[in-house]
Structure formats: C-alpha cells, structure tokens
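The lines below spell out each chain.
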Number of protein chains: 2
Amino acid sequence: MNLPANIMVKEVGPRDGLQNESSIISTEDKIKWINLLSQTGLRYIEISSFVHPKWIPQLNDAVEVANGINRDPGITYAALVPNKRGLERALSADIDEVSIFMSASESHNQKNINKSIRATYPVLREVVDEAKQENKTVRGYVSTVFGCPYEGEIKIEQVIRVCDALFSMGIDELSLGDTIGVANPLQVKKVLEELAQRFPTEKLAMHFHNTRGMALANVLVSLQMGITIFDGSLGGLGGCPYAKGASGNLATDDLIHMMESIGIKTDVNERKLQQAALFIQDALGKPLSSHQIEINSNQM
Amino acid sequence: MNLPANIMVKEVGPRDGLQNESSIISTEDKIKWINLLSQTGLRYIEISSFVHPKWIPQLNDAVEVANGINRDPGITYAALVPNKRGLERALSADIDEVSIFMSASESHNQKNINKSIRATYPVLREVVDEAKQENKTVRGYVSTVFGCPYEGEIKIEQVIRVCDALFSMGIDELSLGDTIGVANPLQVKKVLEELAQRFPTEKLAMHFHNTRGMALANVLVSLQMGITIFDGSLGGLGGCPYAKGASGNLATDDLIHMMESIGIKTDVNERKLQQAALFIQDALGKPLSSHQIEINSNQM
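The rules behind the values
- Residues numbered from 1 in each chain as written.
- Chains lettered and ligands numbered in written order.
- Predicted model: local features only at pLDDT ≥ 70, side-chain atom pairs only at ≥ 80, totals over all residues.
- Heavy atoms only, no water.
- Helix = DSSP H or I, 4+ residues; strand = E, 2+ residues; numbered from the N terminus.
- Rg over C-alpha atoms; globule rule 2.2 N^0.38 Å.
- Buried < 20%, exposed > 50% of the residue type's maximum accessible area, 1.4 Å probe, protein only.
- Contact = heavy atoms within 4.5 Å.
- Areas by Shrake-Rupley, 256 points an atom, 1.4 Å probe, with all protein chains shown as cover.
- Least-squares fit on C-alpha atoms with pLDDT ≥ 70 in both.
- Axes fitted to C-alpha atoms, helices over the stretch in contact; angles between N-to-C directions.
- Parallel < 35°, antiparallel > 145°, perpendicular 65-115°, else oblique.
- Left-handed = near helix turned anticlockwise from the far one by under 90°.
- Core = buried A, V, L, I, M, F, W, Y, C linked by side-chain atoms within 4.5 Å.
- Phe/Tyr/Trp six-rings, centres within 6.5 Å; stacked < 30°, edge-to-face > 60°.
- Lys NZ or Arg CZ within 6 Å of the ring centre and 35° of its normal.
- Salt bridge = Lys/Arg side-chain N within 4 Å of Asp/Glu carboxyl O.
- pLDDT = per-residue confidence, 0-100.
- Buried area = accessible area lost by both parts, 1.4 Å probe.
- Polar contact = N/O pair within 3.5 Å; in protein donor to acceptor, adjacent residues only side chain to side chain.
- Nonpolar A, V, L, I, M, F, W, Y, C, P; charged D, E, K, R; others polar.
- UniProt positions renumbered as here; feature names shortened; annotations may be inferred.
- Arc of directions from axis to C-beta.

Caption draft 1: Focus on the overall build of chain A. Along its length, chain A carries 12 helices and 8 strands. What you see for chain A is a C-alpha radius of gyration of 18 Å, in line with the 19 Å of a compact globule of 300 residues. Principal-axis analysis of the C-alpha atoms gives chain A an extent of 55 × 45 × 35 Å. Taken over 300 residues, chain A has a buried fraction of 60%. Pairs at least 24 residues apart make up 75% of the contacts formed inside chain A by residues separated by at least 6 positions. Accessible surface computed for chain A: about 11300 Å², of which carbon and sulfur atoms make up 46%.

Here's what the structure looks like:
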C-alpha cells in the first residue's frame, strides 16, 4: 500500500476546536487539558490563538494558558498569530512555534481576515520575518484549499499561488485546510500531485474536516502521496462552523486509531488520549463526536 | 487511482437498519419508505427478514411489507431467509432474491444462529437448492469477516473456508460483513487479495460498518481492489448492536456522496435519497447519524 512507517499528528483542539465551541471553558480547565494532552505522546499541541480577543472571546486567555501549562521539552507548543501585535503577545508568552493563516479563496480570506489576499501577504511577511529573528519556527495554514463556502471549488493555480507566496516568506511547514469538509479522495490526490511537483511533501500537512465522513479516506490517499503530518482535534472538538451540529475537524483519536490499526506509528497512547478527551467533554458538558468516544461511552 | 466507472449500491436499511432499532415502525411506514427508496434510483433493496418473528419483532410483518410495496421491475427486492420455513414464507410473498447468512467465526455463528458452523451448512444448502428450483437468485452474507466480538480477528483460512462453502452451494453473490466495524484499510486489502485469488471479485460485495469511522476508507481500498458492490443503510439507520449510540452500518447517503464526488456513477439521485432518509428519521422520531443528514438538518 506504500504507507509511511510513522507520522506526526498535530493536535489543534485547544485552538481550532475550542474556537468553534460556544460554551466557554475556564483557563484552569484549558491548562489542565493541555497538561493531559502533553502526557499522551503527542509531540505538537496548538494551544491557543493570539488574534484580538474581540474576535474569539473563547481564546482571550492565550497568554495565561501559555504561561500556565507545564512545558514538556519534547513537545512543540504552538499558537496562531494574525499579525505583528499578535506575534508580540505570543513571543512574550514564549510560544515555541507560531502559525500564520490565510485562505486560498479571495472571499473567504476577506470574510475571515477582513483583507484581500494581496493585502494579507505583507502582514504575514512581517510576522514571519520577526518570528525568524526570534528563532521561532513558523507554520502556515491555507484555508479553503478544497472548496470555499462562497466560491465553491478553488482553482489549483490559485492554491499554488498562495502556497508559493507563503513558502517564499520562509515558513517551515504548510497545512492545507479542507475548511468546509468537501474534499474527496480523488481531489486530494490531484491537488497533492500538483503541489508535490512544487513543494517538498515533508513540509506539507493535511488538515481535514470530517463534515461528509470522508476525512479518513482522504488521509489514506494523502499517506499514499507521501504526506506524513496530519492535524486533528481531539474528540472532533469544534464541530463545523458552517453547519451547526455537523462534524467538523477530523478527530485526533479516530485518526490515531486508524494509523495504529494499519501499522503506522504515532507514539500516542490511545488510552491516555481518551482520558484527555473525556476531560474536555466533561468540561464542555456535551458529547463530543469522535467514533472512539462514542464507542468508549456506550460500550455495552 | 484505478477506480471503476460505476458501482451497485445495495440498500439494506429496511432489514439490517430496522432490525437494530428499538422503536417499532408501522407496516404502513415501512411500505411508504420502501416506495420512496424505489424512486431514488437504487436498484436493490433488502426489504425485510423472514426469520422467526420472535427473534426480530421489528420485522414480523415481512409478508405484509412484501405484498404492500409497489414493485419497480428494474429493482431487485430481496429479503433475509434463515431456513426452509423462512424461504417458504419469502416465496409466498414473491421475493426476487433471498439472502442467507452465517458467520466466519464459530462463536458469533453460535450466538446468532444457535448452531455450529458445521450444522449451519445443510440448513443453508437446503434453502439455496429450493430457491434455485424456484429460479430465485441467492445472496450469501458472511458476518465477522474482519473481526468477531468474542474471538477477535478471524484467520483468513477460516474466512476462505466459509466463503468456499457458500459459493459451492451455488450462491450468486457473497457479501463480506465487517459486523462490528473493526476493519481497517490494510486488512481489507489483505483479505481481498486472498479472496480475489479464489473467487470472482464481481461476485463479492462489501458490507462495512462505520463504528470506528473507517468505512469510507475501507470502501476506497475495496474499489481499488476491483469490488463494485457495496451495502449501505440509509442515514446510518441501525446503529451498532455492540455499542449503543455508536455508528453502525455505513450510511448509504454518505457512500453515494463519496462515490459521486469521485466520479463513480451510482444512478442514485441524492436529493431523493435525502427525502427518503428524512421520512424514516421522522418515523423513528430520533436523529439518524449520517453526515449527509447532519449537514442537511443543520445548514446555517
């Protein structure tokens, strides 16, 4: 099947999951949760976002969370940063890696960042330059790679243009987001064939949503295309911002279960991962959507 | 990607879905639902089971359902038959195709059929012989092909033995069941590589459960192995009999959505399929679990 021996799973639940949850989690619970995640074997945790608190009230305690957690030296603690001001807050909180973000589609970028794609580039370049001066690694996120809620499918040339711009800034890794969960396995193969001609596959990560149930099928194709970095949100935390109640982020626990079952090592302890999932489920006070949680909660 | 141009989707919801639902659906609603299914483009519907009513009270109206539905001559209306007595009821109701069933694992067969595997063979052979005399086609189901709730993983030699016995009886098609939803893509590939050496792939169907979220990834591998027949239960109807509240049968609508999105024709109208799904969801009075229904019910 031509599968890699191991992959890196990047946990984005504390940022991408929580930012889509309406019930506010206390800073204390976030810290406890991230400390539990640090004990699972995960080596990368995106702990919060330094966007202006008015945009994402749920994550207005990014500094307190960053300062409150126990740091395992083997784990990269990353956070989202929208601009220079956000970067300064992130640096003051000693974040290991910063993530910048934009969309492949003009209208989603405009709605999400309130700027055109062209006007976004210099803002991000400034962040990358300054982060690099501070010896931080930088991750780029591109949203709506496989489809946009306003524009539908995005031309591959447009995706390449945006990826190219971000790599030219000097980012260390690029996460390709299926923001609305429309990607299908054939499309993933086609897009990755194009991108692999231009960018090193070891610097590409896949960020799938399971909105239509195809996330793990898309992961399988990505593995066969040489991708070894995948984003997940534990328990499927976050849901889908475009269809309330529908599945959103690919659940880290479902991803890891499939990887381990097909012999791909993740170094993550599934039992400890479930304990961390149950902790945040209790804190949220509503059932999370991952299959692993469904099974463990309902075993007869 | 080496995908087929079209596939056949077999709707098993009225039998396999309903038999795992606790709230009783009226005969009238079953008939209305199957009539709606007949208008979607599906060409195969398993409408009920002729097991003794005391085992599955939900399906004790199999004769009434079979006699009450409108028959489209382009559609095969099938039903499950456990033995000669069941077959006689099925024949009296003019079922197009009968399905026989057993397990690959001894203990699941014992629990489910109340007989050893060896003692099951003559019962099934009698059904196949008599059905063939009546010019009916026969489908075989093998459960627990990829794992058993009591025995764990099943040796491939054991799976082959059971498949071989069923094909030797003269069945027309064999559906390989991942009864507890544990199959993973690598295992599916390995099992199909073995079976494809012995049996014609065009006579093999895959019956996946989405308990661990891997069903569509398993479908993808099966397609690449030459399989073109897949079972589904509309809306994910049925749940998982081994973990209350967890996903069970692969949802027909999720299956068809992925197929159409990767360019594989199913001849099924997705809009009409959703109408049929919403009908049975209303009749059940609880939300079904398919991603398509989640999205359609919650679009913002």
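After that view, the rundown keeps rolling.
Caption draft 2: Looking closely at the relation of the copies chain B and chain A. At an RMSD of 0.0 Å, chain B and chain A line up after a rotation of 180 degrees and a shift of 0.0 Å along the axis. Taken together, the turn and the small shift mark the pair as related by a two-fold rotation axis. Closest approach to the rotation axis within chain B is made by the C-alpha atom of B:Ala217, at a distance of 2.0 Å. Of all interface residues in chain B, 100% are interface residues in chain A too; the two copies therefore contact each other through one and the same surface.

Caption draft 3: Just the packing of helix H2 (residues 27-38) of chain B against helix H11 (residues 270-284) of chain B, in detail. All names here are of chain B. The N-to-C vectors of H2 and H11 enclose an angle of 165 degrees; their axes lie 9 Å apart at closest approach. The angle between H2 and H11 falls in the class roughly antiparallel. Relative to H11, the crossing made by H2 is left-handed. Residues Asp29, Lys32, Trp33, Leu36 and Leu37 of H2 lie in contact with H11, whose contacting residues are Ala276, Phe279, Ile280 and Ala283.

Caption draft 4: A look at the nonpolar core. Grouped together as the largest cluster of nonpolar side chains are 191 residues, with contacts concentrated most on A:Leu166, A:Val219, B:Leu166 and B:Val219. Excluding residues that lie within four positions of it along the chain, B:Val219 makes contacts with B:Phe208, B:Phe230, B:Leu250, B:Leu255, B:Met258 and B:Met259.

Caption draft 5: The arrangement of the packing of aromatic side chains in detail. As enumerated under the stated definition, the model contains 4 aromatic pairs over all chains in all. Seen in terms of ring centroids, B:Phe146 and B:Phe208 are 6.2 Å apart; in terms of plane orientation they differ by 40 degrees. Their pairing is tilted. Here the residue B:Phe146 occupies a position in the loop between strand S5 (137-143) and helix H7 (156-169), and B:Phe208 occupies one in the loop between strand S7 (204-207) and helix H9 (215-224), the gap between them amounting to 62 residues. Side by side, B:Phe146 and B:Phe208 carry an identical accessibility label, which is buried. Positioned above the aromatic ring of A:Tyr44 is the side chain of A:Lys10, whose terminal nitrogen or guanidinium carbon lies 3.9 Å from the ring centre.

Caption draft 6: Broad picture of the pattern of salt bridges. All names here are of chain A. Overall, the coordinates contain 30 salt bridges over all chains when judged by the stated rule. For arginine 15, the salt bridge is made with glutamate 46, and the minimal N-O distance between the two is 2.6 Å. Remark: glutamate 46 occurs in strand S2 (residues 44-49) and arginine 15 occurs in helix H1 (residues 13-17); sequence separation between them is 31 residues. For arginine 15, a relative accessible area of 6% corresponds to the buried category.

Caption draft 7: Spatial organisation of the side chain of A:Asn184. Residue position: A:Asn184 is located in the loop between strand S6 (173-177) and helix H8 (185-198). If we skip the residues at most four places from it in the chain, A:Asn184 touches A:Met214, A:Asn218, B:Ser261 and B:Ile262.

Caption draft 8: Region of interest: the confidence of the model for chain A. When the pLDDT values of chain A are averaged, the result is 96; 100% of them are 70 or greater. Both scores are available for the predicted complex, with the pTM at 0.97 and the ipTM at 0.96.

Caption draft 9: Focus on the interface of chain B and chain A. Taken together, the contacts link 34 residues of chain B with 35 residues of chain A. Together, the buried faces of chain B and chain A total about 3000 Å²; carbon and sulfur atoms form 65% of this surface. Run the count over chain B and chain A and you get 0 salt bridges. The interface formed by chain B and chain A includes 10 residue pairs in polar contact (both at pLDDT 80 or more). Contributions of two or more residues to the side of chain B that touches chain A are made by helix H8 (185-198), H9, helix H10 (252-261) and helix H12 (291-298) of chain B. Of the residues forming the side of chain B that touches chain A, the biggest block, 5 residues, is contributed by H12(B). Of the residues belonging to the side of chain B that touches chain A, the class tally is 17 nonpolar, 12 polar and 5 charged.

Caption draft 10: Structural detail: the environment of B:Gly177. Residues and elements named next belong to chain B. Secondary-structure assignment places glycine 177 in strand S6 (residues 173-177). For glycine 177, a relative accessible area of 5% corresponds to the buried category. Along the backbone, glycine 177 and tyrosine 141 are 36 residues apart, and their C-alpha atoms lie at a distance of 6.9 Å.

Caption draft 11: Structural detail: the UniProt feature "domain: Pyruvate carboxyltransferase" (unreviewed entry) in chain A. Taken from the UniProt record, the annotation "domain: Pyruvate carboxyltransferase" (unreviewed entry) applies to residues 7-274 of chain A. The span residues 7-274 of chain A shows a helical share of 41% and a strand share of 16%, and its end C-alpha atoms are spaced 19 Å apart.

Caption draft 12: Region of the structure containing helix H4 (residues 84-92) of chain A. Residues and elements named next belong to chain A. Along H4, the residues classified as buried are Gly86, Leu87, Ala90 and Leu91. Around the axis of H4, the buried residues are gathered within 135 degrees of arc, so they sit on the same side. Seen from the buried face of H4, the exposed residues on the opposite side, beyond 90 degrees, are Arg85 and Ser92. The inward-facing, buried residues of H4 contact strand S4 (97-103) and helix H6 (117-133). Where H4 ends, the next residue or the one after it, aspartate 94, has phi of about 55 degrees, a positive value.

Caption draft 13: Representation of the side chain of A:Ser99 within the structure. With respect to the element layout, A:Ser99 can be found in strand S4. If near-sequence neighbours (up to four positions away) are discounted, A:Ser99 is found in contact with A:Tyr44, A:Glu46, A:Ala79, A:Leu80, A:Val81, A:Arg139 and A:Tyr141.

Caption draft 14: Structural detail: the packing of helix H10 (residues 252-261) of chain A against helix H11 (residues 270-284) of chain A. Residues and elements named next belong to chain A. Running from N to C, H10 and H11 point in directions that differ by 170 degrees, and their axes come no closer than 10 Å. Looking at the two axes, H10 sits roughly antiparallel to H11. Side by side, H10 and H11 meet where Thr252, Asp253, Ile256, His257 and Glu260 of the first sit next to Glu270, Leu273 and Gln274 of the second. The class makeup of the residues in the contact of H10 with H11 is 2 nonpolar, 3 polar and 3 charged.

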